[in-house]
Amino acid sequence: MNFRQLEYFLAVANAGQITAAAQQLHMAQPPLSYQLKQLEADLGVTLLNRSATGTTLTPAGQLLRDYAQQLLDLRERADSQVRSLGQGLAGVLSVGVISSSIGATPNAKLRTLTRHYPKVQIRLFEDNTYGLIDRLSKRLIDVAIVRTPFTAPGLASKELATESMVAVVPKKYDHFPAATLKVEDLASVPLIIYRRFEHLFQTTFAAKQMAPFIACTCDDARTAVQWAESRMGVAVVPQSVAEQTSGAQTAVRLIRYQPWRTTLKLVWPEQITPSPLLQRFIDSY
């Protein structure tokens, strides 16, 4: 099994037809079919179900597609980083971002970096904090923007911004007497919470002997704001997310509670020496 065979296999897997894949690869169909059969022979499994209408992946083919994409991505990253090692003027940088990092990237310095070095390509991978940390541990990305709290030894980090939690309050629930809230004020309204902070919130509610109604739990802070905009409850999210995404249908109320502060961090594996390109990216924050 070699990289060329994996490229051919992915082209067919994505196109769903050997003929269409051959056209995309600018090659004739017979040699492409031969390479696929050779790959199946080398592995001793059938990767493609072939029919008159096209191809579908067998279970083994589905598994290989995932591995093949990772291998080709790693090869591309290795090639790019080796070529740009000397100066960091060109190459591909794989950056992980969380949904609640909205507003933190891209920033002015990063825009300046890509303007001065137009051959620098940024590849974004969106996931939650622990998903991105896992990608870093597997060297599938170079650097990530994540949010505290998290536990992850072996990471170097750079703090970007620390902020409070806020309540995004639809008008129907906006009966609070003050512009800023205490945690206890949330006891009387249905809450929409970002799953990333569920444990933190529940620990606080238990300590304060509160049992607010959790109307919705979601995986994206922007979704929490959207549901608040639809008057489904009061969303509790980081302040920057509320400021970037909330609209006229809601009011943003600061929550005065120190343990509910959270920090955006830029993280990368501490045991590696950042390439010049990665260092330029880190310095842009």
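Here, residues in each chain are numbered from 1, in the same order as that chain's written sequence. Owing to the predicted nature of the model, reporting of local features is limited to residues with pLDDT of at least 70; listing and counting of side-chain atom pairs is limited to 80 or more, with chain, interface and lining totals taken over all residues. For the side-chain quantities, the full set of heavy atoms in the structure was used; hydrogens and water were omitted.

Enquirer: Which residues make up the overall build of the protein, and what are the values?
Expert: The helix and strand tally for the protein stands at 10 helices and 12 strands. It is over C-alpha atoms that the radius of gyration is taken, and the globule rule equals 2.2 Å times the number of residues to the power 0.38. Its C-alpha atoms give the protein a radius of gyration of 24 Å, clearly above 19 Å, the size a compact globule of 285 residues would have. Relative to its 285 residues, the protein shows a buried fraction of 45%. The contact definition used throughout considers only heavy atoms, calling two residues in contact when any of these lie within 4.5 Å. If you take every contact in the protein between residues at least 6 apart in sequence, the share linking residues at least 24 apart comes to 73%. In this description, accessible areas are obtained by the Shrake-Rupley approach with a 1.4 Å probe, and a residue is regarded as covered only by the protein chains that are shown. Working note: accessible area of the protein is about 14,800 Å², and carbon and sulfur atoms make up 51% of it. In DSSP terms, a helix is any run of H or I states spanning at least four residues, a strand is any run of E spanning at least two, and both are numbered starting from the N terminus. Burial classification: accessible surface area is computed with a 1.4 Å probe over protein chains only, and a residue below 20% of its type maximum counts as buried, one above 50% as exposed, and the rest as partly exposed.

Enquirer: Give me the lowdown on helix α1 (residues 3-15), citing residues and values where you can.
Expert: Compared with the 18 Å implied by 1.5 Å per residue over 13 residues, the 18 Å span of α1 between its first and last C-alpha is a close match. Listed as buried for α1 are Q5, L6, Y8, F9, L10, A11, V12 and A13. Side-chain atoms alone can form a polar contact between residues adjacent in sequence; in general such a contact is a pair of N or O atoms within 3.5 Å, and within protein one must be able to donate a hydrogen while the other accepts it. The N-cap residue of α1 is N2: its side-chain oxygen and the backbone nitrogen of R4 are 3.1 Å apart. Count one or two residues on from α1 and you reach G16, which has phi positive near 80°. A helix is expected to reach a length of 1.5 Å times the quantity of its residues less one.

Enquirer: I'd like a description of the packing of aromatic side chains, backed by residues and values.
Expert: For this analysis, a ring pair means two rings from Phe, Tyr or Trp (six-membered ring only for Trp) whose centres lie within 6.5 Å, classed as stacked if their planes differ by under 30 degrees, edge-to-face if by over 60, and tilted for the remaining angles. Per the stated rule, a full pass over the model turns up six aromatic pairs. Their ring planes at 65° and their centres at 5.5 Å tell us that Y194 and F197 sit as a pair that is edge-to-face. Comparing Y194 with F197, the two get one shared label, buried. With 5.7 Å between their ring centres and 90° between their planes, Y257 and W260 make a pair best called edge-to-face. For Y257, a relative accessible area of 25% translates into the label partly exposed. Consider the ring centre and the ring normal. A charge sits over the ring if Lys NZ or Arg CZ is within 6 Å of that centre and within 35 degrees of that normal. A cation over an aromatic ring shows up here: R75 above the ring of F3, its NZ or CZ 4.8 Å from the ring centre. If you follow R196 out to its NZ or CZ, it ends over the ring of F197, 5.8 Å from the centre.

Enquirer: Would you mind going over the nonpolar core in detail, with residue names and values included?
Expert: With 33 residues, the main nonpolar core has L186, L191, F201, V236, V237, I255 and W260 as its most contacted residues. Elements with a minimum of two residues in this core: β7 (165-170), β8 (191-194), α7 (198-207), β9 (214-218), α8 (221-229), β10 (234-238) and α9 (239-245). If you tally residues by element for this core, the top one is β7, at five residues. Dropping the residues within four chain positions of it, V236 is found in contact with M165, V166, L186, L191, I192, I193, Y194, F201, I255 and W260. Side-chain atoms within 4.5 Å link the members of a nonpolar core, which is a set of buried Ala, Val, Leu, Ile, Met, Phe, Trp, Tyr and Cys residues. The next biggest cluster of nonpolar side chains, apart from the first, holds 29 residues, and it includes L110, L113, V143 and I145.

Enquirer: Tell me about the packing of α1 against helix α2 (residues 18-25), residues and numbers included.
Expert: The description of two packed helices rests on the angle between their axes and on the distance between the axes. Structural elements are reduced to axes, namely lines fitted to C-alpha atoms, with helices fitted over the stretch in contact, and the angle between N-to-C directions of any two is expressed from 0 to 180 degrees. Closest axis-to-axis distance for the α1/α2 pair is 8 Å, and the angle between their directions is 125°. Comparing their axes, α2 and α1 come out oblique. Every pair of crossing elements has a handedness; the one defined by α1 and α2 is right-handed. Here α1 contributes Y8, A11, V12 and A15 to the contact with α2, which in turn contributes I18, A20, A21, Q24 and L25. Residue polarity is assigned by list, with Asp, Glu, Lys and Arg as charged and Ala, Val, Leu, Ile, Met, Phe, Trp, Tyr, Cys and Pro as nonpolar; anything else, Gly included, falls into the polar class. Taken together, the residues of the contact of α1 with α2 break down into eight nonpolar, one polar and no charged. Each angle gets one of four labels, with under 35 degrees taken as roughly parallel, over 145 as roughly antiparallel, 65 to 115 as roughly perpendicular, and the rest as oblique. In this scheme the handedness of a crossing depends on how the near helix is turned from the far one: anticlockwise by less than a right angle means left-handed, clockwise means right-handed.

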